[in-house]
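Residue-level structure breakdown
Now for the letters of each chain:
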Amino acid sequence: MEKAMNIVLFGPPGSGKGTHAETLVKEFGFIHLSTGDLLRKEVREKTELGVQAEKLMTAGQLVSDEIIHGMIANFVKPVIDNKGRVLCDGFPRTLPQLDFLVSFLERCGSQLDMIFVLEIPNEMLIQRLTGRRSCPACGAVYHIVNMPPKLDGVCDACHGALIQRKDDVREAIEERLATYEKQTFPVLQAIETKGLKVAKIDASLQREVCYTQIAGYVREFLK
Ligand code: AP5
């Protein structure tokens, strides 16, 4: 049976959480839990939750903890029951979300094994986010300069049309970075206070270099 492992990719908008998640899923079979992706699906499907969430997301603000906790519980329980590995991307983002995740995993008879903290200066984040293009069909992420698709505007993986996210414009990016500083950065201190295992990654380096560091920790844990 596969050894269980639950991890979090923690870092500001644009630090590479989604990019590394994609490769970690392929290499180690993690089940990718991106609260941002789950919310964008609700927005595309125009559900009641999606309509509420869209306004906040476009403004660079956070969706309420209650909504997020419900989404997490629905997603995580079946994965843990099936002895799967959970990779949290974009969650936890507030102190109540951290407490919820830790206690929910405990209630499921599991635990949070490692938190990867992606560190990067703000100046680089603006360039990364304004140049990002995403595939709404399969979730693949590109960058017009750093990681361009083979064919302009077309996803290499599923040939879907690439889009620019509505919150990837300068004004929304600045608001997202401010929200991160105010509401999410303090979560890091709480993570350290709880004695959870943290690995700091220099996310300003090339994608392959960052990934090699993260994958090294995962491989070591799974040995
Ligand atoms: P979410 O979708 O989680 O967005 P985010 O945290 O702002 O993170 P991003 O997806 O923007 O960035 P990323 O770190 O994944 O970077 P990426 O790998 O794409 O959340 C969106 C919104 O939903 C929130 O604002 C909020 O409203 C709501 N929400 C979500 N979760 C919530 C929660 N838990 N609670 C409340 N509200 C919630 O990389 C960025 C670009 O850089 C790409 O183009 C990529 O190709 C490039 N790149 C990546 N790594 C490298 C590298 N090493 N070198 C060069 N380029 C790179």
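Residues numbered from 1 in each chain as written. Predicted model: local features only at pLDDT ≥ 70, side-chain atom pairs only at ≥ 80, totals over all residues. Heavy atoms only, no water.

1. Looking at the overall build of the protein
As a reminder of what qualifies: We count a stretch as a helix when DSSP gives it H or I for four or more residues in a row; a strand needs E for two or more, and each element gets its number in order from the N terminus. The globule rule used here is 2.2 Å times the number of residues to the 0.38 power, and the radius of gyration it is set against is calculated over C-alpha atoms. Whether a residue is buried, partly exposed or exposed follows from its accessible area with a 1.4 Å probe, protein chains only, as a fraction of its type maximum: under 20%, in between, or over 50%, in that order. Note on areas: Shrake-Rupley, 1.4 Å probe, and residue coverage restricted to the protein chains presented here. Positive charges are assigned to Lys and Arg, negative charges to Asp and Glu, while His and the chain termini are left out of the count. We put the charge of a Lys on NZ, of an Arg on CZ, of an Asp on CG and of a Glu on CD.
Within the protein, the regular secondary structure consists of eight helices and seven strands. Computed over C-alpha atoms, the radius of gyration of the protein comes to 17 Å, within 12% of the 17 Å expected from 2.2 N^0.38 for 223 residues, which places it in the range of a compact globule. Expressed as lengths along the three principal axes of its C-alpha atoms, the size of the protein is roughly 45 × 35 × 30 Å. Counting across all 223 residues of the protein, residues that qualify as buried make up 47%. Split by element, the accessible area of the protein, about 11400 Å² in all, is 55% carbon and sulfur. Each charge class in the protein can be summarised by its mean position, and for the 28 positive and 29 negative side chains these summaries are 3 Å apart.

2. Considering the packing of helix 2 (residues 35-44) against helix 4 (residues 65-81)
Here is the rule: Lines fitted to C-alpha atoms define the axes here, with helix axes fitted over just the stretch in contact, and angles between the N-to-C directions of these axes take values from 0 to 180 degrees. Between 65 and 115 degrees an angle is taken as roughly perpendicular, under 35 as roughly parallel, over 145 as roughly antiparallel, and anywhere else as oblique. Note on contacts: a residue pair qualifies if any of its non-hydrogen atoms lie within 4.5 Å across the two residues. We call Asp, Glu, Lys and Arg charged. Ala, Val, Leu, Ile, Met, Phe, Trp, Tyr, Cys and Pro are nonpolar, and the rest, Gly among them, are polar.
At a closest axis distance of 11 Å, the pairing of helix 2 and helix 4 adopts a crossing angle of 105 degrees. With respect to helix 4, the element helix 2 is oriented roughly perpendicular. Judged by residue contacts, T35, L38 and L39 of helix 2 engage I68, M71, I72 and F75 from helix 4. Here the residues of the contact of helix 2 with helix 4 sort into six nonpolar, one polar and no charged.

3. Considering the nonpolar core
For clarity, the cut-off: What makes a nonpolar core is a set of buried Ala, Val, Leu, Ile, Met, Phe, Trp, Tyr and Cys residues whose side-chain atoms join them at distances within 4.5 Å.
If you look at the biggest cluster of nonpolar residues, it comprises 33 residues, and the most contacted ones within it are F10, I72, V76, L101, L112 and I115. Those elements that place two or more of their residues in this core are strand 1 (7-10), helix 2, helix 3 (48-58), helix 4, strand 3 (85-89), helix 5 (95-107), strand 4 (114-119) and helix 7 (170-193). Apart from the residues lying within four places of it in its own chain, the contact partners of I72 are L33, T35, F91, F100 and L101. Residues F28, L125, I173 and L222 belong to the second largest nonpolar core, which totals 26 residues.

4. Section: the side chain of R165
Rules: By the criterion applied in these results, polar contacts are pairs of N or O atoms within 3.5 Å in which, for protein atoms, one can donate a hydrogen and the other can accept it, and in which residues neighboring in sequence qualify only through two side-chain atoms.
Turning to its location among the elements, R165 is positioned in the loop between strand 6 (141-143) and helix 7. Polar side-chain contacts of R165 include one of 3.1 Å to the side chain of D167. Once you skip the residues sitting within four places of it in the chain, R165 turns out to touch R40, R132, S134 and R176.

5. A few points about helix 2
Heads up, the rule is: Picture the helix axis, draw a direction to every C-beta atom, and the arc is the one those directions span.
By the burial criterion, the buried members of helix 2 are T35, G36, L39 and V43. One side of helix 2 holds all its buried residues, which, seen down the axis, span an arc of 100 degrees. If you follow the buried residues of helix 2, they end up packed against strand 2 (30-34), helix 3, helix 4 and strand 3. Looking one or two residues beyond helix 2, the residue adopting positive phi is K46, at roughly 55 degrees.

6. Quick look at the site of the ligand
Definition in use: Only heavy atoms are used to decide nearness, and a residue is near a molecule or strand if one of them lies within 4 Å of it.
Residues in close proximity to the ligand total 35 residues, the closest being T19, Q61, R93, R132 and R176. Contact between the ligand and R176: an oxygen atom at 2.6 Å from a side-chain N or O atom of the residue. Burial of the ligand by the protein chains amounts to 97% of its free accessible area of 1000 Å². Mapped by element, the contributors of at least two residues to the shell around the ligand are helix 1 (17-28), helix 2, helix 6 (122-130) and strand 6. When residues in the shell around the ligand are grouped by element, the largest group, four residues, is from helix 2. Along the lines of polarity and charge, the residues of the shell around the ligand split into 13 nonpolar, 13 polar and nine charged.

7. So, helix 6
When we look at burial in helix 6, the residues that qualify are L125, I126, R128 and L129. The elements touched by buried residues of helix 6 are strand 5 (132-134), strand 6 and helix 7.

8. Side note on the pairing of strand 7 (residues 198-202)
Consecutive side chains along a regular strand alternate between the two faces of the sheet. So the rule is basically this: The criterion for strand pairing is that DSSP finds at least two bridges linking the strands in question.
The side-chain alternation of strand 7 yields one buried face, formed by A199 and I201, and one unburied face, formed by V198, K200 and D202. Pairing of strand 4 with strand 7 involves five bridges; the strand directions are parallel. Looking at the pairing, F116 lines up with A199 of strand 7.

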